[in-house]
Amino acid sequence: MASLRDVQNQITGVKKTKQITKAMNMVASAKLRNAQERIERFRPYANKFYEMLGDLAAGADESVHPLLEVREEVKTVGIMVATSDRGLCGAFNINIINTAKRLAQAKAAEGKTVKVWCIGKKARDAFRKLDYEIVRAEADAMTSFDFTLAASVGNELIAGYVSGDLDEVHVCFGEFQSMAKQPPVDLTVLPMAAQEEAEGQGESGSTGDYLYEPSVEGLLAELLPRFIKVQVYRGLLDTSASEHAARMAAMDNATKACDELTDRLTLLFNKTRQAAITGDLMDIVGGVEALKG
């Protein structure tokens with residue numbers, strides 16, 4: 001059985017750990033409010049943007065814009081993976097990374113070349129160990145970012161698709177649905193036809209006929225590149241909010257685990273102390289009996 005000092009040291013260590021996890025929970029809660037506000041303000045814009053662009057692209061020919069072109073043979077696939085820079089947020093990062101890995105492995109098994117854009121330190125560290133070409137790695141980007149980062153990454157993806165270096169583009173991120181649910185998402189952003197077909201199966205299909213000024217071709221030339229950047233930015237915002245929600249849940253569970261462990265160690269401490277007292281009493285009684293004898 002452990003000594004009283006050992007058990008007491010363990011109790012002290014667990015209580016100090018609880019202070020840390022509780023503080024991290026509070027910090028994550030404060031950061032989550034800001035991140036949640038950003039994604040909730042941006043989603044209506046992104047959804048309406050998509051609805052309008054779907055109406056525009058539905059009746060347009062592939063020759064109108066290079067981003068509408070669907071390649072007959074897909075040779076190279078680009079994958080942008082957005083994770084957090086720090087850990088201690090449960091299985092949040094590993095779920096996103098596994099989703100991206102499965103996608104990359106499936107494409108590689110089909111004989112396609114896979115190129116990866118890693119946004120977040122965890123994504124960079126994970127894909128460095130794999131045999132895929134990392135085009136761009138942003139290690140400390142998720143701590144503080146704005147639309148500039150999404151525009152920069154989006155421009156690289158667009159340039160690769162237009163030049164023919166990429167034939168298909170995916171964005172993998174954690175979607176913030178609620179405090180308890182942040183599932184990994186694999187979103188196909190290029191070619192546009194794949195995105196339109198997938199979305200057309202839902203409730204948010206084309207809403208009707210519109211008259212556009214200037215022409216549809218002119219609008220598509222302006223809006224299609226922005227659409228890609230909007231999808232990238234939405235993925236970054238979702239990942240940021242999801243990270244803080246996942247960290248809050250992980251730290252809350254850790255705090256509860258510390259309480260349970262403290263209770264068990266306190267019980268062990270009391271049992272150990274009682275055993276020590278009982279042993280001392282037995283020695284005293286034995287000594288007294290020896291003197292009497």
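Each remark here, short or long, concerns the structure printed above.
Below: a short report on this structure. (Residues numbered from 1 in each chain as written. Predicted model: local features only at pLDDT ≥ 70, side-chain atom pairs only at ≥ 80, totals over all residues. Heavy atoms only, no water.)

1. Some thoughts on the pattern of salt bridges
Phase 1: Under the definition given, this model contains 13 salt bridges.
Phase 2: Here Lys18 makes a salt bridge to Asp259, at a shortest N to O gap of 2.7 Å. You can see Lys18 sitting in helix H1 (residues 4–58) and its partner Asp259 sitting in helix H6 (residues 216–292), a full 241 residues away along the chain.
Phase 3: The class for Asp259 is partly exposed, based on a relative accessible area of 30%.
Phase 4: Among the ionic pairs, Asp238 bridges to Arg43, the shortest N-O distance being 2.7 Å. Residue Asp238 is located in helix H6, and its partner Arg43 is located in helix H1; the two are separated by 195 residues in the primary sequence. For the pair Asp238 and Arg43, one class covers both residues: buried.
Phase 5: Through salt bridges with shared partners, a single network forms among Arg43, Arg234 and Asp238. (Salt bridge = Lys/Arg side-chain N within 4 Å of Asp/Glu carboxyl O. Helix = DSSP H or I, 4+ residues; strand = E, 2+ residues; numbered from the N terminus. Buried < 20%, exposed > 50% of the residue type's maximum accessible area, 1.4 Å probe, protein only.)

2. Describing helix H4 (residues 147–163)
Phase 1: Helix length check: H4 (17 residues) gives 24 Å between terminal C-alpha atoms against 24 Å at 1.5 Å per residue, within 8%.
Phase 2: Of the surrounding elements, those touching the buried residues of H4 are strand S1 (76–82), strand S2 (113–119), strand S3 (133–138), strand S4 (168–174), strand S5 (184–190) and H6.
Phase 3: Two or three places before Thr148, at the opening of H4, Asp146 has a side-chain oxygen 3.0 Å from that residue's backbone nitrogen.
Phase 4: With its phi angle positive at about 95°, Gly164 sits one or two positions after the end of H4. (Expected span 1.5 Å × (residues − 1). Contact = heavy atoms within 4.5 Å. Polar contact = N/O pair within 3.5 Å; in protein donor to acceptor, adjacent residues only side chain to side chain.)

3. Examining the sheet that holds S1
Phase 1: Pairing is mixed across the open sheet formed by five strands, whose spatial order is S3-S2-S1-S4-S5. With one partner strand each, in any of the chains shown, S3 and S5 form the two edges of the open sheet. Strand after strand, the sheet turns through a mean of 20° between neighbouring axes, direction not considered.
Phase 2: Across five bridges, the pairing between S2 and S3 is parallel. Across the sheet, residue Val116 finds its bridge partner in S3, namely Ile134.
Phase 3: Lying over the sheet, helix H2 (residues 92–109) contacts S1, S2, S4 and S5, oriented at roughly 160° with respect to S4. (Pairing = 2+ DSSP bridges. Axes fitted to C-alpha atoms, helices over the stretch in contact; angles between N-to-C directions.)

4. A closer look at the environment of Lys229
Phase 1: Mapped onto the secondary structure, Lys229 falls in helix H6.
Phase 2: For Lys229, a relative accessible area of 18% translates into the label buried.
Phase 3: Each C-alpha atom, one on Lys229 and one on Gln182, is 22 Å from the other, the two residues being 47 residues apart in sequence.
Phase 4: Setting aside residues up to four positions removed in sequence, Lys229 forms contacts with Phe147, Ala150, Ala151, Gly154, Asn155 and Ile158.

5. Things to note about the nonpolar core
Phase 1: Core analysis: the largest hydrophobic core is formed by 50 residues, its most contacted members being Leu53, Met80, Met192 and Leu236.
Phase 2: Elements supplying a minimum of two residues to this core: H1, S1, S2, H4, S4, S5 and H6.
Phase 3: At 14 residues, H6 tops the list of elements feeding residues into this core.
Phase 4: Contact partners of Met192, with chain neighbours within four places excluded, come to Leu53, Leu67, Leu68, Leu224, Phe227 and Ile228. (Core = buried A, V, L, I, M, F, W, Y, C linked by side-chain atoms within 4.5 Å.)

6. Section: the packing of aromatic side chains
Phase 1: In the structure shown here, the tally under the stated rule is five aromatic pairs.
Phase 2: Aromatic side chains Phe42 and Tyr45 sit 5.6 Å apart centroid to centroid with 55° between the ring planes, which places their arrangement in the tilted category. One end of the pair, Phe42, and the other, Tyr45, are both in helix H1, three residues apart, so they sit about a helical turn from each other.
Phase 3: Residue classification places Phe42 among the buried residues on the basis of a relative accessible area of 12%. (Phe/Tyr/Trp six-rings, centres within 6.5 Å; stacked < 30°, edge-to-face > 60°.)

7. Some thoughts on the packing of H2 against helix H3 (residues 121–128)
Packed helices, taken two at a time, are described by the angle their axes make and the gap between the axes.
Phase 1: Direction vectors running N to C along H2 and H3 enclose 45°, while the axes themselves pass 10 Å from each other. Considering the angle they form, H2 stands oblique to H3. With respect to the hand of their crossing, H2 and H3 are arranged in right-handed fashion. Contact residues: Asn93, Ile97, Ala100 and Lys101 in H2; Lys122, Ala123, Ala126 and Phe127 in H3.
Phase 2: When the residues that make up the contact of H2 with H3 are grouped by side-chain class, the tally is five nonpolar, one polar and two charged. (Parallel < 35°, antiparallel > 145°, perpendicular 65-115°, else oblique. Left-handed = near helix turned anticlockwise from the far one by under 90°. Nonpolar A, V, L, I, M, F, W, Y, C, P; charged D, E, K, R; others polar.)

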